[in-house]
Amino acid sequence: MKRLSRASIAFATAFCGLFFELPATAQSTGYFQAAPSTLSGIGFDVALADLDGDSDLDAYTVDFGVDRVWLNQGGAQGGIAGELMQTPQALDGGLGAAVALGDIDGDGDVDALVGRGFSGALEPDQVWLNDGSGTFSDSGQRLGNAVALAVALADLDLDGDLDGVVVNLNAPHHLLINQGGAQSGTEGDFVVDGQALGSGLRENAAVGDLDGDGDPDLILPGPTPRIWLNQGGAQNGNAGTFVDSGATLGAATGLVALGDLDGDGDLDAFVSTDAAETVWRNDGSGTFTDSGLHYGDDQRRAQDVALGDLDGDGDLDAVAGREPIAGALIGLPHFDRSLQTVWLNEGDATFRFSGQCHSRSGFEVLRDRRLALGDLDGDGGLDAVVSNVDSLRVWWSGGESTERRCCPAELARYGAVAGGASPRRSGSWGRWLERLAKAGASVTLDSVYLLRDQVMPQTPEGPRYAALYDTHSEEIASLLFSDPLLLLRGASTLGAWLPHIVSVVDETAGAALVGQSEVDALELFLTELSAAGSPQLQQAVADELAALPPLDNFVGQSVADMQGQTIGLPGGIFSDGFEGGSTAAWSQSTP
């Protein structure tokens, strides 16, 4: 019987490997690349929204003595989408520390609540009203007199207008109640509410419906992040009145971002402390439990955290900003640099370090302050804007493998913290595989990822087929997502081969036999994929298949024999004692 050359199943494995890690779009890779320019100006906080009503995201920044408005040059500006340009406005209102954007006066455009004060300088907070074109005017309101660390907007009393939350330094946090709605006053005018909601030292206010009763609750900084429950809804009290629940998120002060991290329909918490990033799971009633999953860096101070679907797989990922702790990083590369680290969600609220720590290229700035995520250029992927003490930087989504850089020291530490040897699951296809596993209990997805991450790299041909995958993955992703029938064919092919993949990892391949149905599925998928592809993809398929005998020759052989004759065994060993060599050499030596 003529044996199949090692290129056969290895080639198929390379393309079936697409199902292990395909982004939902070419832009949503979970990686970032630097925009070509740095925007000058000190920035203590940044927020994104459509300020001029042309359907793209603009930016509002606050800093020493002046607020700045940056308009996206796409849309009405007729320029490059995603490019931010500062307007001539200089909104002089004092020392700015924080900003939140929303329609405060109910006229359909986005206004700004700005928290004022810095260090020991007490200042009142302000409201800037938008005329709809991105031009702002001072409302004349002066609210409170403290050092604001963070602000947020939400309809706290459920009367249809936006109220404010202000987190203060060494003073009680307080609320700003909008006088529209139930107050029967002028919408957009605020009154400082008399509730004192603790105090703390961190720049964070997290707002969301924690207990599922339809009103927004709060997590505010104190010695630890503390949960305050709105007394409307399930509490049968007055909406907009908050009571300390007595519950906290951990023993350390930290910054909190809320989102459904585990896909169960309630808000969980991603908490960034000076020790690590932690995940707290909500049971739906507002009761949070430490997941025990701790990630990140105990040598840089937590500065900000944001959630968004960075890799397009339908779950929320995280970007955590950190700045140096004096003296802590001496001796490490770029110890004086702030870092923005990217953590990708596996779909169940477990995260893996993406490999991006951005201290040499990417996010290379001194003393980052705050960050915001949004699709600036309209390509479907989330971009990042980072404010810092000397500039505003934009980072585009969709960086390629050649742009994925990190510090080795951080990679070693973060990689160990972020799950050790746990197999990597990412991309929308990771989700598909999870569903497939539920449909067939015999399929162990850990084995799928172990084959890709641990078995293939140890074989003679594995690295070459990984390179083949990298070369053609973007085109194949586009083909599959644009053709439902081809997509179904590929999914069916992978499903047929999954038990054999499991047997290779579990070392039971000697007892597993290749069947006619698996070979038929593979042959049909490769034929249809080639027919739909570009000339370059067609040539790649043709070059690989040219060295192969008919795939039917493998029917009835064990998976172990198949592995030994195709990708080889770990340690560089092929069947019959053949050791290494190119695909061409193997083809010539095989009858």
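One structure accompanies this document, and this report is about it. (Residues numbered from 1 in each chain as written. Predicted model: local features only at pLDDT ≥ 70, side-chain atom pairs only at ≥ 80, totals over all residues. Heavy atoms only, no water.)

**Here we look at the sheet that holds strand S3 (residues 58–62)**
Short version of the rule: Here a strand pair is declared whenever DSSP counts at least two bridges between the two strands. Starting at the N terminus, helices and strands are each numbered in turn, a helix being any DSSP run of H or I of at least four residues and a strand any DSSP run of E of at least two. Axes here mean lines fitted to C-alpha atoms, for a helix over just the part in contact, with angles spanning 0 to 180 degrees between N-to-C directions.
Judged by pairing direction, the sheet is antiparallel, and its 4 strands sit side by side in the order S2-S3-S4-S5 without closing on themselves. Either end of the sheet is taken by a strand with one partner, and the two such strands are strand S2 (45–49) and strand S5 (84–86). Direction aside, the axes of adjacent strands within the sheet are offset by 25 degrees on average. Direction of pairing for S3 relative to strand S4 (residues 67–72): antiparallel, over a ladder of 4 bridges. Each bridged residue has a counterpart across the sheet, and for Val62 the counterpart in S4 is Asp67.

**Details of the environment of Gly144**
Going by this rule: Classification of residues uses two cut-offs on accessible area relative to the type maximum, computed with a 1.4 Å probe and protein chains only: under 20% is buried, over 50% is exposed, and between them is partly exposed. Note on contacts: a residue pair qualifies if any of its non-hydrogen atoms lie within 4.5 Å across the two residues.
The topology assignment puts Gly144 in strand S10 (residues 143–146). Taking relative accessible area as the criterion, Gly144 reaches 32% and is therefore assigned partly exposed. Sequence-wise, Gly144 and Glu123 are 21 residues apart; in three dimensions their C-alpha atoms are separated by 7.6 Å. Apart from the residues within four sequence positions on either side, Gly144 is in contact with Pro124, Asp125 and Val192.

**Overview of the pairing of strand S13 (residues 174–178)**
With 5 of 5 residues buried, S13 lies mostly within the body of the structure. Every second residue of S13 is oriented toward a common face, with His174, Leu176 and Asn178 on one face and Leu175 and Ile177 on the other, all of them buried. Of the pairings in the sheet, the one linking strand S12 (residues 163–168) to S13 comprises 3 bridges and is antiparallel in character. Counted as the bridge partner of Gly164 is Leu176 from S13. The hairpin formed by S12 and S13 contains 5 residues between the paired strands, and Asn170 there has a positive phi angle of roughly 55 degrees. Alignment of S13 against strand S14 (residues 190–192), held across 3 bridges, turns out to be antiparallel. Bridge pairing in S14 links Asn178 to Phe190.

**Quick word on the pattern of salt bridges**
Side chains that differ in sign of charge can pair as their charged atoms come close. This is how the line gets drawn: By definition, a salt bridge exists where a carboxyl oxygen of Asp or Glu is found within 4 Å of a side-chain nitrogen of Lys or Arg.
What the rule picks out here adds up to 7 salt bridges. For Asp244, the salt bridge goes to Arg226, with nearest N and O atoms at 3.3 Å. One end of the pair, Asp244, is in strand S18 (residues 242–248); the other, Arg226, is in strand S17 (residues 226–230), and 18 residues separate them in sequence. By relative accessible area, Asp244 is classed as partly exposed at 33%.

**Overview of the nonpolar core**
Applicable threshold: The set of buried Ala, Val, Leu, Ile, Met, Phe, Trp, Tyr and Cys residues whose side-chain atoms join them within 4.5 Å is what this entry labels a nonpolar core.
Formed by 22 residues in total, the largest nonpolar core has its most connected members in Leu486, Val514, Phe525, Leu529, Leu537, Val559 and Met562. Those elements that place two or more of their residues in this core are helix H5 (462–482), helix H6 (484–505), helix H7 (516–532), helix H8 (535–545) and helix H9 (559–565). Excluding its chain neighbours within four sequence positions, the residues that come into contact with Val559 are His500, Ser503, Val504, Ala509, Ala512 and Val514.

All quantities given are derived from atomic positions and should not be read as evidence of function.
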